Amino acid sequence: MAKSVISVIGGMGLQGGSVVKALLAQGEFKVRVASRNPASDAARALAARDVEVVHADLLDPGSLVAAFKGAAGALVVTNFWDPAQGEREEEIGAAAVRAAREAGVEHLIWSTLPDVEKLSGGRRKVMHFSGKAHVDAVVRSAGFARHTFVQAPMYFQTFLGPMAPQPRPGGGRGWAVPTDPSKRVIHAGDVSDVGKAVAAAFSARGRLPNGSVLSVCGGIYSWNDFVSTLRALGHNLEVVRVPAEEYDRLFPGAPEIRETFQYFEEQTYFGPQHEAHIAAANALVPGGFSGFADWARLYMKPGPASVRSPK
């Protein structure tokens, strides 16, 4: 009997890639990935692992027909940080959801985040959260047989990339943050755990309540927690609080990140319903998710030669 197809839109990225990896490990479904360039080395590597790679682009909703046709399930992941998506994320996500419904997808999983504008009464503008959240209503009203929302945490992997420790003006390395570094409000986790949760959600089928929200994380942390963990591993790091106006001048796009951290301080990363949504994800993956200390011991050992990129 042929396996049902799960289509992953965004499968060439970090989050979608984690889902592809988890689905392949699970072995229950045939995996299909949409790619702007099926001839790329990354796409060819997936094809060598028996992944069906089709030409499709989130920026061209018509091209998604090939990605969704005949698929029983689909994950849709958009990327605010892709300059081609950015502030169009809501539009692009909604179009992809509608294309999946028109193609007959039975179970759609939409990668979303809390609506910061709504939760803050309009005081905070965090478009890489709210743009995704604004698509939630489209998912609910589309008429899928089943739909699920997955919320990814702040990835531990960001400490190896965009949020790696930086040189401090007075010497040393670490982070400048615009909020209280002692407040434990950041839900963070290994991106690979998102894949485990999504694969489990597809496998659960009707056993998972329709419309479930799965918030995936390894724990809730403060900036001080991150620093103390890394210091225990031998890193000489510090975190310093700076005024908002100073933070906004540190790098391009800083105001968006500053508003994000301020939202965390007020509502936590996953917002006021985080306990129920985290419990829903944990129930799907009995083995649990990776904590920061375990992850850091593997990937953030002191010394450039010992820092490894997760595979």
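Residues numbered from 1 in each chain as written. Predicted model: local features only at pLDDT ≥ 70, side-chain atom pairs only at ≥ 80, totals over all residues. Heavy atoms only, no water.

Q: Can you walk me through the pattern of salt bridges in this structure?
A: Oppositely charged side chains may form a pair once their charged atoms are brought near each other. What the rule picks out here adds up to 15 salt bridges. A salt bridge links Glu28 to Arg205; the shortest N-O distance between them is 2.7 Å. Linking Glu28 in the loop between helix H1 (14-26) and strand E2 (30-35) with Arg205 in the loop between helix H8 (191-204) and strand E11 (213-215), this pair joins segments that are 177 residues apart in sequence. The salt bridge partner of Arg123 is Glu266, with a shortest N-O separation of 3.3 Å. One end of the pair, Arg123, is in the loop between helix H5 (116-119) and helix H6 (127-133); the other, Glu266, is in helix H11 (residues 254-267), with 143 residues separating them in the sequence. Here the salt bridges do not stand alone but share partners, grouping Arg123, Arg124, Asp248, Arg258, Glu259 and Glu266 into one network. (Salt bridge = Lys/Arg side-chain N within 4 Å of Asp/Glu carboxyl O. Helix = DSSP H or I, 4+ residues; strand = E, 2+ residues; numbered from the N terminus.)

Q: Whenever I open this one, the nonpolar core confuses me. Can you help?
A: A general tendency of soluble globular proteins is for nonpolar side chains to be buried together. By size, the foremost hydrophobic cluster in this structure holds 37 residues, and its most contacted members are Trp175, Trp223, Phe226 and Phe292. No other element matches the five residues that H11 contributes to this core. For Trp175, the contacting residues outside a window of four places in its chain are Phe159, Met163, Ala164, Pro165, Arg168, Trp223, Val227, Leu230, Leu237, Glu238, Val239 and Val240. Counting 33 residues, the second-largest nonpolar core is a separate cluster that includes Val194, Phe202, Val216 and Leu284. (Core = buried A, V, L, I, M, F, W, Y, C linked by side-chain atoms within 4.5 Å. Buried < 20%, exposed > 50% of the residue type's maximum accessible area, 1.4 Å probe, protein only. Contact = heavy atoms within 4.5 Å.)

Q: Would you explain the side chain of Arg32 in this entry?
A: Looking at where Arg32 falls in the secondary structure, it is placed in strand E2. In this structure Arg32 comes out as buried when scored by relative accessible area, which is 7%. For Arg32, the side chain forms a polar contact with the side chain of Glu52, separated by 3.0 Å. Ignoring sequence-local partners within four residues, the contact set of Arg32 consists of Val5, Ile6, Ser7, Val8, Glu52, Val54, Ala66, Ala67, Phe68, Lys69 and Ala71. (Polar contact = N/O pair within 3.5 Å; in protein donor to acceptor, adjacent residues only side chain to side chain.)

Q: Before we go on, may I ask you to explain the pairing of strand E10 (residues 186-189) in this structure?
A: If a strand is regular, its side chains alternate between the two faces of the sheet. Burial of E10 is two-sided: the residues Ile186 and Ala188 facing one way and the residues His187 and Gly189 facing the other way are all buried. Alignment of strand E7 (residues 154-155) against E10, held across two bridges, turns out to be parallel. Bridging from a neighbouring strand, Tyr155 pairs with Gly189 of E10. Here three bridges tie E10 to strand E12 (residues 219-221), and the two strands are oriented antiparallel to one another. Counted as the bridge partner of Ala188 is Gly219 from E12. (Pairing = 2+ DSSP bridges.)

Interpretation note: all reported values are geometric properties and have no functional meaning in isolation.
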